[in-house]
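Next come the chains, spelled out residue by residue.
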Amino acid sequence: MLPIELYTYVVTNFQHSPWFTRPATWWQHVLHIGRPAGRHTPDSHQPGAKEQEQLPASAYKIREGAVTVLTMGKMLHVVLVVVLAMAAASAAMVSASPAEGIQPLSKIAIHKATVELHGSAYVRVTPALLGDQGEDTVWVTVKYGWENPSSDDWIAVFSPADFISGSCPNPRRNADEPGLCTAPIKYQYANYSANYRYWGKGTIRFQIINQRSDFSFALFTGGFENPKLVAVSKAVAFKNPNAPVFPRLAQGKTHDEMTVTWTSGYNIDEAYPLVEWGMVAPGGGVRNPTRTPAGTLTFNRGSMCGEPARTVGWRDPGFIHTAFMRDLWPNKEYTYKSGHELSDGTMVWGKSYTFRAPPTPGQNSLQRIIVFGDMGKAERDGSNEFANYQPGSLNTTDTLVKDLDNYDIVFHIGDMPYANGYLSQWDQFTAQVAPISARKPYMVASGNHERDWPNTGGFFDVKDSGGECGVPAETMYYYPAENRANFWYKVDYGMFRFCVADTGHDWREGTPQHKFIEECLSTVDRKHQPWLIFAAHRVLGYSSNAWYAAEGSFEEPEGRESLQKLWQRYRVDMAFFGHVHNYERTCPLYQSQCVTGERSHYSGTMNGTIFVVAGGGGSHLSSYTTAIPRWSVFRDQDYGFVKLTAFNHSSLLFEYKKSSDGNVYDSFTVDRDYRDVLSCVHDSCFPTTLAL
């Protein structure tokens, strides 16, 4: 096959593969090409990267989703390697399920690390003081080197900085293992700086967030399986590591209540937590600012259910504070800032933000909802990357940040950071979504990577949470549940009612959750809240995902059998699910049968529920079955989210948007009146009488 034909084959067959999102330096590292000493193509995504001498244009060109081979001879083998690597990766993706997602930090055998500090090795970090202007996120420059560089050397970021002293609770596999106390919070290969292997020195920029403690940077050799610590930097720290950071808004149990949750390093015996808030006055300023106290929660290592959350993945979560802003005026704009009053009366304030109060239930106005699942987290500095773990996460985040003025509330239906027992990643996630959650109510659901752990009262006896067993998710985010250990709740937002279920607990008939679901669906007044939405993480409805199809069910075991009569009886408009990392929309369905042949516009009597998988928030993609079921209207194996727009009580617009560009790739409209909701269809009405 000629090189140009190989190129055509690669682009044709792999243009949508997440492997194409790799930066050029990554491809050079994997393929060991284009790397003569002293020649380097800078990483454009690292702020401050300086232009250095580049390879000739005839050698290679790798950027933004396309591999272009520009020579006809020596580079042919490179294309072949690329094709084979992509084919292997794609084959692996076909059989993978979301539960098989690997937390990058788990690849490091930190319990086997040895301390072998070397006189020639060094790690230097600048600046030493972080956030001196009140920033909660900064970039640092790390310079490092030693006389024996190798391709498997790596740089790790640890916090707290003193990570090699003290006794460790970690179980040792062998008697001679020293067992470092904690995994790093992020890492990067030393030869990410392209001249490292040849010159024995390199420079990397890391993005660091305020995580309530100091940081040190370490150089390891021996790869991830047999790490040997050869150098450690001096500690660097934020000016105030205890400062309140990364607020998360959530609607309370009533429409006129907004909660704000944030993280700090202050316990209540050190400083009193509060939020100062008030309505934005016409023309600016704040009308009658109010201070409301906040409650404080935390958890400890003993709250975790297993490894690695109890061992190398443990990191102190700090203190999580939640304040309730009540008696809000509908649709009014408010400003707020979280803070702490120290014992001497001085105040430590977080950043100021604004939000708009929710509409009253039934209010006839423009209302816009975002729904997605399975976002994960990613690093803007390119660190913690393994097998393209969360390739779409930043795209989804950034697209939603750019569009902040065009939606009102967000539902993230499970699988948030995929921390999988590495607690530091929860801070990283709250920082990533803070530009959204600080401005819009950010409602969350529990996913398998938050809750599932054997013998902990959950419905699934698997280890997907890495020993977290729901504790970080249930503490880091507020949601209006009656019992925070049961992650099910309802939200009334204007003309919408959302019934959010918890697939980590049994939903079948006779269970407390089944009772909640029926109560939530049955108590809504459809003449004022016509748009009734069900949401959960695992697919309790329909999905033509490959592993569901292999089981022959197109759902979780016993998923819809106990719920479809409720959805039909109470005329649920749409049911949203995550867990499967792609997008799919069905026709209106009941008992696996399409009740209409329409695909893009629905009107008149409601005959069934539309089921939507919106699990393409950012984690690695899932494949479909080859045969397309008759009920599957639209499928897209890409990253994206759903937007619902209610114009009034009769008209609704559904849009699926890709995270890469924010454009609409699937849509439909609904137009109907109240009588269309009331009209009887199969299994939807109670018995009637012939009496006059």
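These numbers come from a predicted model, not from an experiment.

A count of helices and strands for the chain gives 12 helices and 34 strands. Across the 692 residues in the chain, those meeting the buried criterion constitute 59%. Sequence separation of at least 24 residues holds for 72% of the intrachain contacts in the chain that already meet a minimum separation of 6. Accessible surface, the chain as shown: approximately 27300 Å² in total, 51% of it carbon and sulfur.

Right, let's talk about the packing of helix α5 (residues 393-402) against helix α6 (residues 424-437) for a bit. Running from N to C, α5 and α6 point in directions that differ by 20 degrees, and their axes come no closer than 9 Å. Taken together, the axes of α5 and α6 lie roughly parallel to each other. Between α5 and α6 lies a crossing whose hand is left-handed. Taking contact as the criterion, the partners of Ser393, Leu394, Thr397, Leu400 and Val401 in α5 are, on α6, Gln432, Pro435 and Ile436. Taken together, the residues of the contact of α5 with α6 break down into 5 nonpolar, 3 polar and no charged.

This paragraph deals with the nonpolar core. Across soluble globular proteins, nonpolar side chains show a tendency to be buried alongside one another. Ranked by size, the top nonpolar core spans 65 residues in total, and within it Phe411, Tyr442, Phe498, Phe576, Leu644 and Phe654 carry the most contacts. The residues contacting Leu644, other than those within four sequence positions of it, are Gln367, Arg368, Ile369, Phe496, Phe498, Ile533, Met574, Phe576, Leu652, Leu653 and Phe654. Among the nonpolar cores identified, the runner-up in size contains 32 residues, and Phe460, Ala501, Leu521 and Phe534 belong to it.

Before going further, it helps to examine the sheet that holds strand β3 (residues 114-115). Taken together, 5 strands build an open sheet; the order of strands is β3-β11-β10-β7-β8 and the sheet is mixed. Because the sheet does not close on itself, it has two edges, and the strands there are β3 and β8 (186-189). Examined bridge by bridge, strand β10 (residues 216-221) and strand β11 (residues 228-232) share 4 bridges and lie antiparallel to one another. Within β11, the position partnered with Thr221 by the bridge is Lys228.

Within this structure, the stated rule accounts for 4 disulfides. Here Cys587 pairs with Cys594 through a disulfide, and the sulfurs are 2.0 Å apart. Measuring the twist about the S-S bond at about -80 degrees, one finds the Cys587-Cys594 disulfide to be left-handed. Among the residues examined, Cys587 registers a relative accessible area of 3% and is labelled buried. Of the residues examined, Cys594 reaches a relative accessible area of 32% and is grouped as partly exposed.

This part is about the environment of Val642. Turning to its location among the elements, Val642 is positioned in strand β32 (residues 640-646). By relative accessible area, which is 0% here, Val642 ends up buried. Along the chain, Val642 and Phe411 lie 231 residues apart, while their C-alpha atoms are 9.9 Å from each other. The residues contacting Val642, other than those within four sequence positions of it, are Ile369, Ile370, Val371, Phe576, Tyr583, Val612, Ala614, Phe654 and Glu655.

Further remarks concern a nonpolar patch on the surface. A contiguous nonpolar patch, built from Val115, Leu117, Ile164 and Val232 and spanning about 320 Å² of accessible area, is present on the exposed surface. Assignment of secondary structure puts Ile164 in the loop between β7 (154-158) and β8.

Next up on the list: the pattern of salt bridges. A full pass over the atoms with the stated rule returns 27 salt bridges. We note a salt bridge from Arg380 to Asp398, for which the minimum N-O separation is 2.6 Å. Separated by 18 residues along the polypeptide, Arg380 in the loop between β20 (367-372) and α5 and Asp398 in helix α5 bring together distant segments of the chain. On the accessibility criterion, Arg380 (33% relative accessible area) is partly exposed. A salt bridge links Asp636 to Lys658, with the shortest nitrogen-to-oxygen separation between them at 3.7 Å. Taken together, the positions of Asp636 in strand β31 (residues 632-636) and Lys658 in strand β33 (residues 651-658) put the pair 22 residues apart, joining distant regions of the chain. We classify Asp636 as buried; its relative accessible area is 13%. Via salt bridges that share partners, Lys186, Lys377, Glu379 and Asp381 belong to a single interconnected network.

This part takes up the sheet that holds strand β18 (residues 333-342). Ordered by their spatial adjacency, 7 strands build an open sheet running β13-β14-β17-β16-β15-β18-β19, and the pairing between neighbours is antiparallel. What marks the edges here is a single partner per strand, and that holds for β13 (245-251) and β19 (347-356). On average, each strand axis in the sheet is tilted by 25 degrees relative to the strand beside it, whichever way the strands run. Here α6 sits on the sheet and contacts β13 and β14 (258-264); the angle it forms with β13, its principal contact strand, is near 60 degrees.

A separate point is α6. If you check α6, its first and last C-alpha atoms are 19 Å apart, about what 14 residues at 1.5 Å a residue would give, namely 20 Å. For α6, the principal kink sits at Ala431 and spans about 30 degrees; a proline, Pro435, occurs within the next four residues. Counting buried residues in α6 gives 13 out of 14 residues, a clear majority hidden from the surface.

Taken together, the 6 bridges between strand β15 (residues 271-280) and strand β16 (residues 286-297) define a ladder with antiparallel strand orientation. Bridge pairing links Val275 to Thr292 in β16. Taking the residues between adjacent antiparallel strands as the criterion, β15 and β16 are bridged by 5 residues, where Gly283 takes a positive phi near 85 degrees. As judged from the 4 bridges shared by β16 and strand β17 (residues 319-325), these two strands associate in the antiparallel manner. Among the inter-strand pairings, Thr296 is bridged to a residue of β17, identified as His321.

This next bit is on the side chain of Ser437. Mapping Ser437 onto the fold places it in helix α6. Take Ser437: its relative accessible area is 0%, and that puts it in the buried class. Polar side-chain contacts of Ser437 include one of 2.9 Å to the backbone oxygen of Pro247. Here Ser437 is in contact with Pro247, Arg248, Leu249 and Tyr442, once residues within four sequence places are set aside.

One can find Asp452 in the loop between α7 (448-451) and α8 (471-476). Within polar-contact distance, the side chain of Asp452 engages the side chain of Arg538 at 2.6 Å.

Examined against the element boundaries, Ser446 turns out to sit in the loop between β22 (442-444) and α7. When the C-alpha positions of Ser446 and Ala501 are compared, they lie 8.4 Å apart, and in sequence the two are 55 residues distant. Leaving out residues up to four positions away in the same chain, Ser446 has contacts with Gly414, Arg451, Phe487, Asp502, Thr503 and His537.

It is worth spelling out the packing of aromatic side chains at this point. Considering all chains together, one arrives at 38 aromatic pairs under this definition. Each ring, one from Phe158 and one from Phe220, has its centre 6.1 Å from the other, and the planes form 45 degrees; the classification is tilted. Residue Phe158 is found in strand β7, and its partner Phe220 is found in strand β10; the two are separated by 62 residues along the sequence. Across the pair, Phe220 and Phe158 agree in class, each one buried. Centre to centre, the rings of Trp567 and Phe611 are 5.2 Å apart; their planes meet at 65 degrees, and the pair counts as edge-to-face. Residue Trp567 is located in helix α11 (residues 564-569), and its partner Phe611 is located in strand β30 (residues 609-614); the two are separated by 44 residues in the primary sequence. Overall, the relative accessible area of 3% leaves Phe611 in the buried class. Among the aromatic side chains, those forming a connected cluster through ring pairs are Trp154, Phe158, Phe163, Tyr187, Tyr189, Phe220 and Phe224. A cation over an aromatic ring shows up here: Arg124 above the ring of Tyr122, its NZ or CZ 4.2 Å from the ring centre.

Criteria and thresholds
Residues numbered from 1 in each chain as written. Predicted model: local features only at pLDDT ≥ 70, side-chain atom pairs only at ≥ 80, totals over all residues. Heavy atoms only, no water. Helix = DSSP H or I, 4+ residues; strand = E, 2+ residues; numbered from the N terminus. Buried < 20%, exposed > 50% of the residue type's maximum accessible area, 1.4 Å probe, protein only. Contact = heavy atoms within 4.5 Å. Areas by Shrake-Rupley, 256 points an atom, 1.4 Å probe, with all protein chains shown as cover. Axes fitted to C-alpha atoms, helices over the stretch in contact; angles between N-to-C directions. Parallel < 35°, antiparallel > 145°, perpendicular 65-115°, else oblique. Left-handed = near helix turned anticlockwise from the far one by under 90°. Nonpolar A, V, L, I, M, F, W, Y, C, P; charged D, E, K, R; others polar. Core = buried A, V, L, I, M, F, W, Y, C linked by side-chain atoms within 4.5 Å. Pairing = 2+ DSSP bridges. Disulfide = S-S within 2.5 Å. Patch = residues over 30% accessible without salt bridge, like charges linked within 9 Å, V, L, I, M, F, W, Y side chains within 5 Å. Salt bridge = Lys/Arg side-chain N within 4 Å of Asp/Glu carboxyl O. Expected span 1.5 Å × (residues − 1). Bend = angle between axes of the 7 residues up to and from the residue. Polar contact = N/O pair within 3.5 Å; in protein donor to acceptor, adjacent residues only side chain to side chain. Phe/Tyr/Trp six-rings, centres within 6.5 Å; stacked < 30°, edge-to-face > 60°. Lys NZ or Arg CZ within 6 Å of the ring centre and 35° of its normal.

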